[in-house]
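A look at the structure
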Amino acid sequence: MAYENQQQQQMDPSFFYNIIGQKEVQISALSQEYVAVVQENQGLKERLQKAEELLQKQNKKPNQNKKGGKR
């Protein structure tokens, strides 16, 4: 009896509409999460690039703290 009810429920179009609606919500949530991750990734790339530029500038500057040669 329960099997017959399950079969009838699965043949009902509203059953499929409910599943499709749930999947659409899941896809929408994943899409929003993806956009957030891409934005975070872009921000991290920009921070890394700035840090690398600062590091290169520091490495190019002559180190003024070093003492001169032998006196």
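One can find the structure itself at the top, above this paragraph.
No experiment lies behind these values; they were computed from the predicted model shown.

How each quantity is defined
- Residues numbered from 1 in each chain as written.
- Predicted model: local features only at pLDDT ≥ 70, side-chain atom pairs only at ≥ 80, totals over all residues.
- Heavy atoms only, no water.
- Helix = DSSP H or I, 4+ residues; strand = E, 2+ residues; numbered from the N terminus.
- Buried < 20%, exposed > 50% of the residue type's maximum accessible area, 1.4 Å probe, protein only.
- Areas by Shrake-Rupley, 256 points an atom, 1.4 Å probe, with all protein chains shown as cover.
- Phe/Tyr/Trp six-rings, centres within 6.5 Å; stacked < 30°, edge-to-face > 60°.

1. A short note on the overall build of the chain
When its secondary structure is counted, the chain shows 2 helices and 0 strands. When burial is assessed residue by residue, the chain has 0% of its 71 residues classed as buried. Of the accessible surface of the chain, which amounts to about 7500 Å², a share of 53% is contributed by carbon and sulfur atoms.

2. Quick notes on the packing of aromatic side chains
Inspection of every chain in the model, using the stated rule, returns 1 aromatic pair. Judged by centre distance (5.5 Å) and plane angle (80°), the ring pair of F15 and F16 falls under edge-to-face. Its relative accessible area of 22% is what places F15 among the partly exposed residues. Assessed through its relative accessible area of 41%, F16 is described here as partly exposed.

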